[in-house]
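Listed below are the residues making up each chain.
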Amino acid sequence: MFKTDAGEELFIIDGHMHLWDASPANQVNKYGAGFIGCFYDYHRNLSPPEYVWEASLFQKYGPERMVKDVFVDGYVDMGIFQPTYLKDFYKNGFNTTEQNSALKQRHPDRFILNGSWDPRDGEAGLDYLESLVQRYRISGVKLYTAEWKGNSKGWKLTDPWAMRHLEKCQQLGVKNIHVHKGPTIWPLNKDAFEVHDVDEVATSFPELNFIIEHCGLPRLEDFCWIATQERNVYGGLAVVMPFIHSRPRYFAEVLANLMWWVGADKLLFASDYAIWHPRWIVDKFMAFEFPEDIRKEFGVALTLDVKKKILGENAARLYGIDINRQKKELAQDAVASMR
Amino acid sequence: MRREEVYGQLAKVNDPELDQPLTELGFIGDVGIDGNTVTVHFRLPTFWCAANFAFMMAADIRERVSELPWVERVDVQLQDHFFGPEINGGVNCGKTFVEAFPLLATDDLEELRETFRVKAFLARQERLLRSLLAMGWLEDAILGVRVGDLPGLPLSGEGTALVERYLAILKERGLAGDATAPAFVRPDGRPIEPLEFRATLARAQCTRLSVEFNSAFCRGLLKTRYGEGDQAMLGSSDRGHPERAFRRLVE
């Protein structure tokens, strides 16, 4: 909960967070080391200095630290666990649905637990998806198209088995499909960050919502174009938000474009914890206003209403959360007493 | 002397995504010259930087340095990259992309290269259009500018760098041959109709933002990964180069 000087309360849902184990003991190979090394550089590069961690803490920080950072210090009321399996890089996976569910059990009203599937698992993948719905009643999945699996170095949403999985999601009511476009390696001669497959599946599956993590960056133009064509495409602001600190002007330009092309109703705040700590992002975002020239050019303003939508209301709508009722539930839970 | 010649050639190699020279980006590490053999070490902002662009840069380094008449052999060494050995092995043996990655690639990189030259074109054009608009130019006047008028546009400092960069990419695309042709056209040379001007600019802005956002992210990550030391500047002969003014502009 963020409280403005005027006493107004904003309910905050962090749309993308992780509890990973990337410690050397869990790494399988140089790719596991390279993956967390890359995240750590993101973390060091864009965080204010007082929020920069030691590498060993960043590799494995544990559930208590996460709960304190995010819910106690970080203003966040609820967070969406977005699993990233990476079993070719980490023995037990980077963070799986099953692992995340342990913390969800301890704080049931704080977390939205998302699942994941991999089209390359074929029939077994469909069964796994069904078991996730039965066991955890998930209503969303996070898909990482750049994940390696044996000889395969990535996949597309339009692959036949991916389409089968999306069909299954639609049948089972798993409505929120978070798509993370990492650098997909197959086929290697194509642009690795391309988002055009989103366009096709968004048309084919009108009942599903496609939340594109980091708004398709570094391919913002493609994402904006697709999101204007498809009413069920949303933008996740992980990676975009932290630029508010080091590059406020770019942040303003990008957000103004997103609001103009995609709309303030379709953008979801996310910290990508533990890459970035939500506290400073929320503080800076609440204090942020567009420069005059941008406000004029795009005719958009970062009003309190817009901030409320981006920080929580949009995600609440997608996940069927009644904010007023949820506030009451949360007022009683274990985290509330730690605040 | 030879070292400066090598750096001069390296300054002609661009990162295709960021549309800036490797020497400016700090991607060039140690350069060794041993008789007629040149070894160029280069490094990228992350372990996971796209392998296709990395291959293009490695191949371009080899090609450009090989243009020097005294050079007999070029050894390119991409460091700290997930496909480093594969890329170095392929490029140093003169393999094409498909030959280097027979199992992962379905074609060579020409289509990808063109896609990103178009993005570079749009981004360079948008920056120049924006600076003209900021000076109070009207759309009709802008669309009336001819190729031959570009060098004489009343811009200074950073604006001059924008003109030079735009003119260079017009030339590269074969769109600068006729001095009386319109200067502001689409990447394939078709004219921009007055009614499409604003929409064209808005779309190009997204492209430019992607390039800049990426560029800012990559520069920051490179610094985080390798520290402040900027080896590429050693012996660099591009002092006073318009890229400098341009870099100030986008930073």
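Structure's up top.
Quick caveat: nothing in here was measured; it's all calculated off a predicted structure.

**Student:** Please clarify how the environment of D14(A) should be interpreted in this entry.
**Tutor:** Residues and elements named next belong to chain A. Looking at the secondary structure, you find D14 in strand β3 (residues 13–17). With 250 residues separating them along the chain, D14 and A264 place their C-alpha atoms 16 Å apart. In this structure D14 touches V76, M78, G79, I80, F269, A270, S271, D272 and P278, once residues within four positions along its chain are discounted.

**Student:** How do you make sense of the pattern of salt bridges when you look at a structure like this?
**Tutor:** For side chains of opposite charge, pairing can occur when their charged atoms come near one another. Overall, the coordinates contain 38 salt bridges over all chains when judged by the stated rule. The shortest N-O distance in the salt bridge between E221(A) and K119(B) comes to 2.8 Å. With E221(A) in helix α8 (residues 220–229) and K119(B) in helix α6 (residues 110–134), the pair connects residues from two separate chains. Taking the relative accessible area as the measure of exposure, E221(A) reaches 7% and is therefore buried. For K119(B), a relative accessible area of 11% gives the class buried. Here R208(B) makes a salt bridge to E253(A), at a shortest N to O gap of 3.1 Å. Remark: E253(A) occurs in helix α10 (residues 248–261) and R208(B) occurs in helix α9 (residues 197–226); the pair is interchain, linking two chains. Taking the relative accessible area as the measure of exposure, R208(B) reaches 5% and is therefore buried. By sharing partners, the salt bridges in this structure join E253(A), E297(A), E126(B), R127(B), R130(B), R208(B) and E212(B) into a single network.

**Student:** Just to check I follow, could you spell out the interface of chain B and chain A for this structure?
**Tutor:** One frequently used descriptor of interface size is the decrease in accessible area upon assembly of the parts. The partner chain A presents 42 residues to the 43 residues of chain B that form the contact. Taken together, chain B and chain A are joined by five salt bridges. With a closest N to O distance of 3.0 Å, R130(B) and E297(A) form a salt bridge. In this structure, the connection of chain B to chain A is made through 18 residue pairs in polar contact (both at pLDDT 80 or more). Take the side of chain B that touches chain A: its biggest share by element is 17 residues, from α9(B). By residue class, the composition of the side of chain B that touches chain A is 23 nonpolar, nine polar and eleven charged.

**Student:** Quick question: what am I supposed to make of the sheet that holds β3(A) here?
**Tutor:** Within a sheet, each strand pairs with its neighbour through backbone hydrogen bonds, oriented either parallel or antiparallel. Residue and element names in this part refer to chain A. Read across the open sheet, the three strands follow the order β3-β4-β5; overall the sheet is parallel. A single partner strand is all that each edge strand has here, and the edge strands are β3 and β5 (111–113). Adjacent strand axes in the sheet meet at a mean angle of 20 degrees when their direction is disregarded. Where strand β4 (residues 78–81) lies against β5, three bridges are found, and the strand directions are parallel. Bridging from a neighbouring strand, I80 pairs with I112 of β5. Taken strand by strand, helix α4 (residues 97–106) contacts β4 and β5, and its axis lies near 155 degrees from that of β5.

**Student:** So what exactly am I meant to see when it comes to a negative patch on the surface here?
**Tutor:** All names here are of chain B. Together, E99, D107, D108 and E110 give the surface a local cluster of negative charge. Mapping E110 onto the fold places it in helix α6. On the basis of relative accessibility, which here comes to 54%, the residue E110 falls in the exposed class.

**Student:** Looking at this structure, I do not really get unusual backbone geometry. What am I missing?
**Tutor:** Excluding glycine, residues mostly carry a negative phi; peptide bonds, for their part, are mostly trans. All names here are of chain A. Following L217, the chain continues into P218 via a peptide bond in cis, with omega recorded as 10 degrees. Mapped onto the elements of the fold, P218 is located in the loop between β8 (209–212) and α8. Cis geometry marks the peptide bond from Y273 to A274, where omega comes out at 10 degrees. Its location among the elements puts A274 in the loop between β10 (267–268) and α11 (278–286). A positive phi angle, close to 65 degrees, is found at D272, a residue other than glycine. Owing to a relative accessible area of 8%, D272 belongs among the buried residues under this scheme.

**Student:** Explain the environment of A202(B) to me, please; I cannot follow it from the model alone.
**Tutor:** In this fold, A202(B) is placed in helix α9. Remark: the alpha-carbon pair of A202(B) and E126(B), spanning 76 residues in sequence, is separated by 8.9 Å.

**Student:** Help me understand helix α6 (residues 160–172) of chain A in this model?
**Tutor:** Think of an α-helix as turning once every 3.6 residues; residues three or four places apart then point the same way. Residue and element names in this part refer to chain A. For α6, with 13 residues, the first-to-last C-alpha span of 19 Å sits near the 18 Å given by 1.5 Å per residue. Taken residue by residue, α6 has A162, H165, L166, K168 and C169 as its buried positions. An end-on view of α6 places all buried positions within 155 degrees of arc, on one side of the element. α6 presents P160 and Q171 as exposed residues on the side facing more than 90 degrees away from its buried surface. Contact partners of the buried residues in α6: α5 (122–136), β6 (140–144), β7 (176–180), α7 (196–204) and β8. Positive phi shows up at G173, right after α6, with a value of about 75 degrees.

**Student:** What's the story with the side chain of Q205(B) in this structure? I'm lost.
**Tutor:** Tracing the backbone through its elements, the reader meets Q205(B) in helix α9. A relative accessible area of 2% places Q205(B) in the buried class. Residues within four places of Q205(B) in sequence aside, it is in contact with E253(A), N257(A), E297(A), F298(A), E126(B) and R130(B).

Rules behind the numbers
Residues numbered from 1 in each chain as written. Chains lettered and ligands numbered in written order. Predicted model: local features only at pLDDT ≥ 70, side-chain atom pairs only at ≥ 80, totals over all residues. Heavy atoms only, no water. Helix = DSSP H or I, 4+ residues; strand = E, 2+ residues; numbered from the N terminus. Contact = heavy atoms within 4.5 Å. Salt bridge = Lys/Arg side-chain N within 4 Å of Asp/Glu carboxyl O. Buried < 20%, exposed > 50% of the residue type's maximum accessible area, 1.4 Å probe, protein only. Polar contact = N/O pair within 3.5 Å; in protein donor to acceptor, adjacent residues only side chain to side chain. Nonpolar A, V, L, I, M, F, W, Y, C, P; charged D, E, K, R; others polar. Pairing = 2+ DSSP bridges. Axes fitted to C-alpha atoms, helices over the stretch in contact; angles between N-to-C directions. Patch = residues over 30% accessible without salt bridge, like charges linked within 9 Å, V, L, I, M, F, W, Y side chains within 5 Å. Areas by Shrake-Rupley, 256 points an atom, 1.4 Å probe, with all protein chains shown as cover. Lys, Arg positive; Asp, Glu negative; His and termini not counted. Charge placed at Lys NZ, Arg CZ, Asp CG, Glu CD. Expected span 1.5 Å × (residues − 1). Arc of directions from axis to C-beta.

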